[in-house]
Amino acid sequence: MTNVIEPDASSDGFAHHYARIDGQRIHCSILGDGEPVLLIPGWPQTWYAWRHTMTALAEAGFRAIAVDPIGAGYSARPDHGYDTGSAARALHRLMIQFGYDRYRVAGHDVGMWVGYALASDYPEAVERIALTEAVIPGLAPAPPIFVPPSDNIFLWHFMFNQLLDLPEFLTSGREKEYLSFMFDKWSHRRDRVAADVYAAAYGTPGGMRAGFAYYRAIPETIRQNRERANRALTMPVLAIGSEYATADAPLETLRPHASNLRGDIVRDCGHFVMEERPDEFNTQLVPFFLEELA
């Protein structure tokens, strides 16, 4: 389909575009020309988490479109729309508005949840998808409450972030400290994670509330995913974990739900794989997206 994106020029080397979906502003950053790849970040990050991947994709002849989903970065922070079905629908409509009815997708963390919903709900649009560093509510079994501290460091926030009001109250004025705890504990190569960029984004009015909203929508996301589980993904799926974070959990989570699945683990890496080990991550991602173009 004809490319209709006309992004604004930017001094940071990326182009920025703002769209309106259901009256809500959606921001994305764009680099390169060619077949489109939609990049969906997780919590607590923004489009900026994909900066290294965008460069690699653009050099390989793709147009990389890294989005701030609803509630993140420069996008709007409405009161609703944070279940993965709603988030996926907004991103699909964004790509259609840009002129793309077929595209590739990569999703990290909560972006993996949204990416799975996008591929399941719009299989005619998603040509192939790479998903990294998460398990998916409703597909993976719920973990027990009493787990070893080494596991709990990756799990405790699931319950805390779903509480009403208390997370905002306790983190108000301490957004950077709260998020820095996540970046400190979940990363292995901490110096490579742009924590200050993300803390600044989530530290603005409504930022933490919108981030917590994805967790508060988990019960609805689980309900949706139990229905999605009845139909396996048929497009090629790449699942990537990190040695010091989810390891093979992304692959094992998707194994019963994708008929054309492969996966790997990035070694010497924590949760923020696109920043901590960008070369190793891109070595897996870019060839996967190039395959059908060869």
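What you see is a predicted model, and the numbers here were worked out from it, not measured in a lab.

So, the sheet that holds strand 6 (residues 126-132)
The eight strands are arranged 1-2-4-3-5-6-7-8 in an open sheet whose pairing can be described as mixed. Looking at the sheet topology across the chains shown, the edges are occupied by strand 1 (15-21) and strand 8 (261-266). Averaged over all adjacent pairs, the angle separating strand axes in this sheet is 20 degrees, with direction ignored. Bridge count for strand 7 (residues 237-242) against strand 8 is six bridges, and the pairing is parallel. Along strand 8, the bridge assignment pairs I240 with D264. Each of strand 1, strand 2 (24-31), strand 3 (35-40), strand 4 (62-68) and strand 5 (103-108) touches helix 2 (residues 84-98); the most contacted strand, strand 1, lies at about 115 degrees to it.

A word on the pairing of strand 6
Burial within strand 6 is extensive, with seven of its seven residues counted as buried. The pairing of strand 5 with strand 6 spans five bridges and is classified as parallel. Bridged to G107 within strand 6 is L131. A crossover links strand 5 with its parallel partner strand 6, the connecting element being helix 3 (residues 110-121), and its sense is right-handed. Where strand 6 meets strand 7, four bridges bridge the pair, whose relative direction is parallel. Within strand 7, the residue paired with I129 across the bridge is V237.

Rules used in this analysis
- Residues numbered from 1 in each chain as written.
- Predicted model: local features only at pLDDT ≥ 70, side-chain atom pairs only at ≥ 80, totals over all residues.
- Heavy atoms only, no water.
- Pairing = 2+ DSSP bridges.
- Helix = DSSP H or I, 4+ residues; strand = E, 2+ residues; numbered from the N terminus.
- Axes fitted to C-alpha atoms, helices over the stretch in contact; angles between N-to-C directions.
- Contact = heavy atoms within 4.5 Å.
- Buried < 20%, exposed > 50% of the residue type's maximum accessible area, 1.4 Å probe, protein only.
- Right-handed = clockwise from strand over helix to strand, strands pointing away.

Take it as geometry only, folks, not as evidence of what the structure does.
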